[in-house]
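Each chain, letter by letter, is given below.
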Amino acid sequence: MGWYNKRLAKSLWVFHISGSPCNNCDIEILNLITPKYDVERLGIKLVGSIRHADVLLITGVFNKKIAPKIRKIYEQAPKPIFVVAIGSCPTSGTCFKDSYNIVSSREDVIPIDMYIPGCPPKPEAMIEGVAKLMEILNG
Amino acid sequence: MEIKSNLKEISNKNQIPVGPFHPLLEEAEYFNLTVDGETVVDIDMDTGWMHRGHEFISEQKSFTQSIYLVERICGICSTSHPLAFVHALEDIDNIEIPLRARYIRTLVGELERIHSHLLWVGLAGHFIGYDTVWMWAWKYREPVLQMFEIISGNRNHYGMMRVGGVGKDVDPASIPELNKILDMLVKKMNMIAKIINDDPVLRSRLIGVGVLTKKDAIDYCAVGPTSRASGVRGDVRKDEPIDAYDLVDFDEIITKNGDVYDKFVVRVLEIIESIKICRQCLNKLKEIKGPFFNNVKEISAGEGIGRYEAPRGEVFHYVRTDGTNRVVRHKVRAPSFNNIPTFQASCKGIPIADALITLAGVDPCYCCTERAIRVSDKHNKNKKIDLLKLSRDKTLYIRRNA
């Protein structure tokens, strides 16, 4: 699939879902497409449907109500799809790991390819994460 | 005959589900709009997608740890929640905080209001398909985040509040730079205030849309800019000034009409007022020397209430302590909890194209709101909890194990 990935890396289309976050990572993702960071110049575009997406950005710890919906969204996605988890919440659970309402192993809900830790990660870190993904895709 | 006509009426209505993942909503939430043709006749919503059990976790953590936890209730009001929480703890023992800390708290709180209102202005533009407004508003939000980075070291979660003061001092050397950013912002905000007066697109899309009358605002107990746009007075900063709010000069913005346009105007004018407060705080911080943190060793047993005017309205924290270093009960009531039910009043009878901007008009924050959980059985049907039986069972359990 090397030839396919190389073509994919030229223009990654991104879909964003939030699995019980505190909103901050979501706001920072939206911040990426506004004038200061403007990732559209790198060919990255935020799309409105998972069926158009190459990359799935996911934020937050998953609570028990939203986890099946996240799985459903992942199943609807055209494969290959690369799941990038943004923020400390999907990485470690941070302060919510003692909660009664969150899914303890997020890897069981959807397979996550890349983590970008930070609470919230700076937009520069997110851009670097996606740039590394492009590097991997280019081989 | 009557039954037949009723049937006809029902068959004309359609259900339109919005969410839980909708491209326009950055949070997961689910609305069920009942429409008759193009007109919205009823609205229902389902929450719980964001419930993480903050109140439960807070009861297991120490006070200072809890501050970082309540900060993560919502990423946009990430000063309002800790501030209301430390107000509640200080309320128990009537803890005095140093004057410098009072000004720093007010400064950070007002900067947060600026960035939150700018965020809403941008998203409102995005919702009506006017992305230019979005790009411009978020462009000017960026310097505010830069100010936060100068003051606290982080762009979004600041971790500034402590019981008895603030965690970090504002460096006097950075004040000229902060003032310079505010100078730039006030010019741009005046420009945005002019734009909403002149722009034909904004005026035609927002004037008269999603009207919340004064009576409805009072009936639904709306708070914050939502109620102020409908002509209802109410601002915790004016009513019960804590921190430095009684030492600074600012106006409460009130408009009459209650439509989305008025909410827009209220928010933009509030940004300009907040910049005024920030200026006064920075000027005072140049003069006032002294400590910024009053080290509190112990908090005695008791109950405390903390309030703060978050960007969306009044946020309310209740804590009960038992003399140890953690809370026994912690209750959070966020402003969106009052504002979200006003959809019932403002969304009925409007075209579906205007529904989304009306829903967004109150600046709902679902992360803040979802503090409760509904218990259901395994078939996903509601389980009625018999409180009396639960109570008796617990007594029985304790008696057996005693």
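Residues numbered from 1 in each chain as written. Chains lettered and ligands numbered in written order. Predicted model: local features only at pLDDT ≥ 70, side-chain atom pairs only at ≥ 80, totals over all residues.

Chemist: Can you break down the overall build of chain A residue by residue, with the values?
Modeler: The number of helices and strands found in chain A is 6 helices and 5 strands. Against the compact-globule benchmark of 14 Å for 139 residues, chain A has a radius of gyration of 14 Å, which places it among compact chains. Viewed in the frame of its principal axes, chain A has a C-alpha envelope of about 45 × 30 × 25 Å. Within chain A, the fraction of its 139 residues that count as buried is 43%. (Helix = DSSP H or I, 4+ residues; strand = E, 2+ residues; numbered from the N terminus. Rg over C-alpha atoms; globule rule 2.2 N^0.38 Å. Buried ≥ 20, exposed ≤ 12 C-beta atoms within 10 Å, placed from the backbone.)

Chemist: Which residues make up the interface of chain B and chain A, and what values do they have?
Modeler: Contact residues are listed per partner, giving 32 residues for chain B and 30 residues for chain A. Here the side of chain B that touches chain A takes 4 residues from helix H6 (residues 131-152) of chain B, the largest share from any one element. Looking at the side of chain B that touches chain A, its residues break down into 18 nonpolar, 7 polar and 7 charged. (Contact = placed C-beta atoms within 7 Å. Nonpolar A, V, L, I, M, F, W, Y, C, P; charged D, E, K, R; others polar.)

Chemist: Help me get a handle on the nonpolar core, residues and values and all.
Modeler: Ranked by internal contacts, the top residues of the largest apolar core, which has 140 residues, are Leu56 and Ile86 of chain A together with Ala124 of chain B. Counting residues per element, this core draws most heavily on helix H5 (residues 99-127) of chain B, which supplies 14 residues. Listed in part, the 6 residues of the second largest apolar core include Leu212, Tyr220, Ala222 and Val223 of chain B. (Core = buried A, V, L, I, M, F, W, Y, C linked by C-beta atoms within 7 Å.)

Chemist: Tell me about helix H6 (residues 123-138) of chain A, and name the residues and values.
Modeler: Residues and elements named next belong to chain A. A rise of 1.5 Å per residue sets the reference length of H6, with its 16 residues, at 22 Å; its end C-alpha atoms lie 23 Å apart and thus fit the reference within 8%. Among all positions in H6, only Met126, Gly129, Val130 and Leu137 are buried. Looking down the long axis of H6, one finds its buried residues gathered within 90 degrees of arc, a one-sided arrangement. Opposite the buried face of H6, by more than 90 degrees, sit the exposed residues Glu124, Glu135 and Asn138. Its buried side turned inward, H6 meets helix H1 (2-10), helix H2 (24-32), strand S4 (82-86) and strand S5 (114-116). Count one or two residues on from H6 and you reach Gly139, which has phi positive near 90 degrees. (Expected span 1.5 Å × (residues − 1). Arc of directions from axis to C-beta.)

Chemist: Please provide a residue-by-residue account of the packing of H5 of chain B against H6 of chain B, values included.
Modeler: Packed helices, taken two at a time, are described by the angle between their axes plus the distance between the axes. All names here are of chain B. Interhelical geometry of H5 versus H6 gives an angle of 160 degrees and a closest axis separation of 7 Å. When the axes of H5 and H6 are compared, the pair comes out roughly antiparallel. In this structure, H5 crosses over H6, and the sense of that crossing is left-handed. Considering only residue class, the contact of H5 with H6 consists of 17 nonpolar, 5 polar and 2 charged. (Axes fitted to C-alpha atoms, helices over the stretch in contact; angles between N-to-C directions. Parallel < 35°, antiparallel > 145°, perpendicular 65-115°, else oblique. Left-handed = near helix turned anticlockwise from the far one by under 90°.)

Chemist: Tell me what's going on with the sheet that holds strand S8 (residues 327-333) of chain B, and back it up with residues and numbers.
Modeler: Residues and elements named next belong to chain B. Strands sit in the order S6-S7-S8 across an open sheet of 3 strands; the sheet is antiparallel. With partners counted over all chains shown, the strands left at the sheet margins are strand S6 (302-310) and S8, one partner each. Neighbouring strand axes in the sheet, compared pairwise and without regard to direction, differ in orientation by 15 degrees on average. Bridging between strand S7 (residues 313-321) and S8 involves 6 bridges; their strand directions are antiparallel. Residue pairing in the sheet places Thr321 in a bridge with Val327 of S8. Taken strand by strand, helix H4 (residues 80-93) contacts S6 and S7, and its axis lies near 145 degrees from that of S6. (Pairing = 2+ DSSP bridges.)

Chemist: Let's hear about the sheet that holds strand S2 (residues 45-46) of chain A: which residues, and what values?
Modeler: Residues and elements named next belong to chain A. What the 5 strands build is an open sheet, ordered S2-S1-S3-S4-S5; its pairing is parallel. Each end of this open sheet is capped by a strand with a single partner; those strands are S2 and S5. Two elements, strand S1 (residues 13-18) and strand S3 (residues 55-59), share 5 bridges in a ladder whose sense is parallel. Among the inter-strand pairings, Val14 is bridged to a residue of S3, identified as Val55.

Chemist: Describe the environment of Gly153 of chain B, with residues and values.
Modeler: Residue and element names in this part refer to chain B. Position of Gly153 relative to the elements: it lies in the loop between H6 and strand S4 (161-162). We classify Gly153 as exposed; it has 11 C-beta atoms within 10 Å. The sequence separation of Gly153 and Lys168 amounts to 15 residues, and the corresponding C-alpha distance is 9.6 Å.

Chemist: Describe H5 of chain B, with residues and values.
Modeler: Residues and elements named next belong to chain B. For H5, built from 29 residues, the straight-helix expectation of 42 Å at 1.5 Å per residue is met to within 8% by its first-to-last C-alpha distance of 42 Å. Burial runs high along H5: 27 of the 29 residues are buried. Backbone geometry just downstream of H5 places Gly129 in the positive-phi region, at approximately 75 degrees.

Chemist: Pulling in residues and values, what's your account of the packing of H6 of chain B against helix H7 (residues 175-198) of chain B?
Modeler: Residue and element names in this part refer to chain B. Following both chains from N to C, one finds H6 and H7 inclined at 160 degrees, their axes separated by 10 Å at the closest point. Classified by the angle their axes make, H6 and H7 are roughly antiparallel. Of the two possible hands of crossing, H6 and H7 adopt the one that is left-handed. Between H6 and H7, the residues in contact are Tyr140, Pro143, Gln146, Met147 and Ile150 and Glu177, Leu178, Ile181, Met184, Leu185 and Lys188, respectively. When grouped by side-chain class, the residues that make up the contact of H6 with H7 number 8 nonpolar, 1 polar and 2 charged.

Chemist: Help me get a handle on the confidence of the model for chain B, residues and values and all.
Modeler: Confidence along chain B averages 87 in pLDDT terms, with 94% of residues attaining 70 or more. The ipTM value of the predicted complex is 0.91, and its pTM value is 0.90. (pLDDT = per-residue confidence, 0-100.)

Chemist: How would you explain unusual backbone geometry if you had to name every residue and give the values?
Modeler: Note that the residue after Lys79 of chain A, namely Pro80 of chain A, is joined by a cis bond; omega there is 5 degrees. Structurally, Pro80 of chain A can be placed in the loop between helix H3 (67-76) and S4. Phi is positive for Asn94 of chain B, close to 50 degrees, though the residue is something other than glycine. Even without glycine at this site, Asp243 of chain B takes up a positive phi of about 50 degrees. Examined against the element boundaries, Asp243 of chain B turns out to sit in the loop between helix H11 (236-239) and helix H12 (260-287). Overall, Asp243 of chain B belongs to the buried group, with 22 C-beta atoms counted inside 10 Å.

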